[in-house]
Amino acid sequence: MREAALLLTSCVAVCLLLGHSRAARQGQDIRCGACRALVDEMDWAISQVDPKKMIQTGSFRINPDGSQSIREVPLARSEGNLLELMESVCDRMEDYGERTDPSTNRKSYIRIKSRNGEAMDISEATLDSRVTSSLKFACETIVEHHEDEIIEFFAHETDNVKDKLCSKRTDLCDHALNIPHDEL
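Residues numbered from 1 in each chain as written. Predicted model: local features only at pLDDT ≥ 70, side-chain atom pairs only at ≥ 80, totals over all residues. Heavy atoms only, no water.

1. What to know about the overall build of the protein
No. 1: Along the backbone of the protein there are 5 helices and 4 strands.
No. 2: For the protein, the succession of helices and strands along the chain, N to C, is α-β-β-α-β-β-α-α-α.
No. 3: Taking all 184 residues of the protein together, the buried fraction comes to 33%.
No. 4: Taken as a whole, the protein presents about 12500 Å² of accessible surface, with 52% of it coming from carbon and sulfur. (Helix = DSSP H or I, 4+ residues; strand = E, 2+ residues; numbered from the N terminus. Buried < 20%, exposed > 50% of the residue type's maximum accessible area, 1.4 Å probe, protein only. Areas by Shrake-Rupley, 256 points an atom, 1.4 Å probe, with all protein chains shown as cover.)

Written out as structure tokens, the structure is:
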């Protein structure tokens, strides 16, 4: 009788650990997916701004020698524009669906709505309002906690922002070596 109780207790403990592990991995997958989607959406939004538009930044004070410390930077990558983009970027998480890798059982998030109205293949995606709301919440949390890092990476053109921001700087995607990288 005592052995049966010990065996039952062990089984319950293992089930609880496996359930907790699965939930932790799912939380990591959604945070990683939100970060990667955020980078895609920010890149796209920046590309939509006319590269010829410039904005003056710096101090408008007059120095003792009569000069001003003003410089022109592209509007698309100005801090003000980036802050404005970050205010609405998480609303676009509703355009993403969930895909499960059959070999690893890891979840990833793919765009299911075209930006230009073209039809997209969504056969591998699962559409679920709970997933999109979780993705949006994760995105908002990332923007709130990592606003400075996001501005730092997008203020200058940088290669592999997804890897640098989501894996190296924020550790949101510690399994990023297993995620296929976008080809440019």
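2. Comments concerning the state of the cysteines
No. 1: Using the criterion set out here, one finds 3 disulfides in the structure.
No. 2: If one numbers only the bonded cysteines of the protein, in the order they occur, the disulfide pattern is 1-6, 2-5, 3-4. (Disulfide = S-S within 2.5 Å.)

3. Digging into the nonpolar core
No. 1: By size, the foremost hydrophobic cluster in this structure holds 35 residues, and its most contacted members are Met42, Cys139, Val143, Ile150 and Phe154.
No. 2: A total of 10 residues in this core trace back to one element, the largest contributor, which is helix 1 (residues 2-47).
No. 3: In this structure Phe154 touches Val39, Met42, Asp43, Ile46, Arg77, Leu82 and Val161, once residues within four positions along its chain are discounted. (Core = buried A, V, L, I, M, F, W, Y, C linked by side-chain atoms within 4.5 Å. Contact = heavy atoms within 4.5 Å.)

4. Structural notes on the packing of helix 3 (residues 129-145) against helix 4 (residues 147-155)
No. 1: In the contact formed by helix 3 and helix 4, the axes pass within 4 Å of each other and the chain directions differ by 80 degrees. Between helix 3 and helix 4, the angle falls in the class roughly perpendicular. Only Glu147, Glu149 and Ile150 of helix 4 make contact with helix 3, whose side of the interface consists of Ile142, Val143, Glu144 and His145. (Axes fitted to C-alpha atoms, helices over the stretch in contact; angles between N-to-C directions. Parallel < 35°, antiparallel > 145°, perpendicular 65-115°, else oblique.)

5. What to know about the environment of Glu124
No. 1: Checked against the element boundaries, Glu124 lands in the loop between strand 4 (107-111) and helix 3.
No. 2: Residues Glu124 and Ile112, 12 residues apart in the sequence, show an inter-C-alpha distance of 9.9 Å.
No. 3: Not counting residues up to four positions away in its chain, the partners in contact with Glu124 are Glu98 and Arg99.

6. Some remarks on the pattern of salt bridges
No. 1: By the definition in use, this model includes 12 salt bridges.
No. 2: A salt bridge links Arg111 to Asp95; the shortest N-O distance between them is 3.6 Å. Within this pair, whereas Arg111 is found in strand 4, its partner Asp95 is found in the loop between helix 2 (79-88) and strand 3 (96-100), the two being separated by 16 residues in sequence.
No. 3: Ionic pairing is found between Arg99 and Glu124, a salt bridge with its closest N-O pair at 3.6 Å. Of this pair, Arg99 sits in strand 3 while Glu124 sits in the loop between strand 4 and helix 3, and the two are 25 residues apart along the sequence.
No. 4: Using a relative accessible area of 27% as the deciding quantity, one classes Arg99 as partly exposed. (Salt bridge = Lys/Arg side-chain N within 4 Å of Asp/Glu carboxyl O.)

7. Here we look at the confidence of the model for the protein
No. 1: Averaged over every residue, the pLDDT of the protein is 81; the share at 70 or more is 80%.
No. 2: Confidence, expressed as mean pLDDT per element, reaches its minimum in the protein at helix 1 with 68 and its maximum at helix 3 with 95.
No. 3: This stretch, residues 8-23, has a pLDDT under 50; its non-local contacts, to residues over four places away or in other chains, come to 0 contacts.
No. 4: Scored below 50 in pLDDT, residues 176-184 makes 9 contacts in the model with residues more than four places away or belonging to other chains. (pLDDT = per-residue confidence, 0-100.)

8. Let's talk about helix 4
No. 1: Listing the buried residues of helix 4 in full gives Ile150, Ile151, Phe153 and Phe154. Each buried residue of helix 4 lies within a common arc of 170 degrees when the element is viewed along its axis, so the set occupies one face. (Arc of directions from axis to C-beta.)

9. Looking at helix 3
No. 1: The end-to-end C-alpha distance of helix 3, which contains 17 residues, comes to 24 Å, matching closely the 24 Å that a straight helix rising 1.5 Å per residue would cover.
No. 2: Within the sequence span of helix 3, burial applies to Val131, Thr132, Leu135, Ala138, Cys139, Ile142 and Val143. End-on view of helix 3: buried residues confined to an arc of 135 degrees, all on one side of the axis. Opposite the buried face of helix 3, by more than 90 degrees, sit the exposed residues Ser129, Arg130, Phe137, Glu144 and His145.
No. 3: The residue sitting at the N-terminus of helix 3 and contributing the capping side-chain oxygen is Asp128; that oxygen lies 3.1 Å from the backbone nitrogen of Arg130. (Expected span 1.5 Å × (residues − 1). Polar contact = N/O pair within 3.5 Å; in protein donor to acceptor, adjacent residues only side chain to side chain.)

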